[in-house]
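One letter stands for each residue in the lines below.
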Amino acid sequence: MLATTVAWDTSLSWTWAMAIDALQATMCQVSAIVVKLRKEVPKTYILSNNHIPSKTYWDLAVNRALQLIDTGNSALIKVVLARSSRVVTTTDIDPIAWLACLQVEGENAYQFCLQPPNARAFIGNTPEQLFHRKCLSINSEALAGTRGRGRSTTLDLQVELDLLSSPKDHLEFTIVRESIRKKLEAVCNGVVVEPKKAIRKLPRVQHLYAQLAGRLRSEDDEFDILASLHPSPAVCGFPTEEARLFIAETEVFDRGMYAGPVGWFGGGESEFAVGIRSALVEKGLGALIYAGTGIVEGSNPSLEWDELELKTSQFTKLLKLEVPLHQKLIT
């Protein structure tokens, strides 16, 4: 389905017919590009990859969060800390080509691209639904806890069982699920959580997962739902204000659009995802790749850093890590 907004103004010599002709030409162009790009891999090399924060600062920030959580002097139970990785490449990255390649990673996920004219492109491959509403029916998802995929069916099952039995990941997941449930109950007649805790498998990672469904008291509550559900504990923390304050004091970069809601309002139906597993692509400057992890009691700074690497690998694996010798000589 393609949804588009058409604008015309006869007084400015831009008629309805001209607007439709321009739209049809764009649709043909987009269709041709999508078919072509599915077969292409970005042909560029990584010159440098710099993380903000550095591993040293990351460890300090995670340990500071754990001190607040463990001492009981703060109401903070969970905070999500993020990392921005500046990737500089030999040639410009085509955001649409990059996104098309991510479709392989995108089973049961949302791919998105937001790019105003002559501006940077915000792209992503996010598995996390914020909500989907159709008339009075609404669905949302809780997603937390991360593990990589096993190299065999047996190893993958072992990783799954480890994730399901982990007290630390259970705590992180429960905070997210119960927060979303309470926010939906505020605008719904009833909320059903089913499954309450399961595994969601993606090509590269697997997460703890729950689906929540409810019936809205009124369709007019739609914007209130968006404002209430965002930011969720999956991208900010819990309680929200304590986590937001800690992030503002601790993170040394601007998240920008990272982790923001991405979607559409459409009268009888609307749908929003969470803008994680994302990157900001800019001509001549490479890309900023974003990822975050939830910090709760029992978190380990080095393991959380490894999780960041796992989450960003879906982007970096599409870029070659070494410049060919003949290009180095030319440079």
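Everything below is about the structure printed above this text.
The paragraphs below set out a description of the structure included in this document. Every value quoted in this text rests on a predicted model; they were computed, and no experiment measured them.

1. Considering the packing of aromatic side chains
And then number 1: Here the structure, examined in full by the defined rule, presents 9 aromatic pairs.
And then number 2: Ring geometry for W58 versus W305: centroids 6.1 Å apart, planes at 65°, classification edge-to-face. Placement of the pair is W58 in helix α2 (residues 55-71) and W305 in helix α8 (residues 301-316), with a sequence separation of 247 residues. This pair shows no difference in class: W58 is buried, exactly as W305 is.
And then number 3: For the pair F253 and Y290, a centre-to-centre distance of 6.3 Å together with 25° between the ring planes defines the contact as stacked. Within this pair, whereas F253 is found in the loop between α7 (240-250) and β11 (261-266), its partner Y290 is found in strand β14 (residues 286-295), the two being separated by 37 residues in sequence.
And then number 4: Of the residues examined, Y290 reaches a relative accessible area of 5% and is grouped as buried.

2. Side note on the pattern of salt bridges
And then number 1: According to the stated counting rule, one finds 20 salt bridges in the structure shown.
And then number 2: Where R149 meets D156, a salt bridge forms, and the shortest distance between an N and an O atom there is 2.8 Å.
And then number 3: In this structure, E304 and K168 form a salt bridge, with 3.0 Å as the shortest nitrogen-oxygen distance. You can see E304 sitting in helix α8 and its partner K168 sitting in helix α5 (residues 167-185), a full 136 residues away along the chain. Across this residue pair, the class does not change: E304 and K168 are buried.
And then number 4: Each of K78, R147, D162, K168, D169, E172 and E304 takes part in salt bridges that share partners, so that together they form one network.

3. Points about unusual backbone geometry
And then number 1: With an omega of 5°, the peptide bond between I52 and P53 qualifies as cis.
And then number 2: That bond from H230 to P231 is cis: its omega, -5°, falls within 30 degrees of zero.
And then number 3: Even without being a glycine, S13 presents a positive backbone phi close to 60°.
And then number 4: Considering the arrangement of structural elements, one finds S13 in the segment before α1 (16-37).
And then number 5: One non-glycine residue with positive phi stands out, namely R277, at about 50°.
And then number 6: Mapped onto the elements, R277 comes out in the loop between β12 (269-274) and β13 (278-282).

Scoring rules and cut-offs
Residues numbered from 1 in each chain as written. Predicted model: local features only at pLDDT ≥ 70, side-chain atom pairs only at ≥ 80, totals over all residues. Heavy atoms only, no water. Phe/Tyr/Trp six-rings, centres within 6.5 Å; stacked < 30°, edge-to-face > 60°. Helix = DSSP H or I, 4+ residues; strand = E, 2+ residues; numbered from the N terminus. Buried < 20%, exposed > 50% of the residue type's maximum accessible area, 1.4 Å probe, protein only. Salt bridge = Lys/Arg side-chain N within 4 Å of Asp/Glu carboxyl O.

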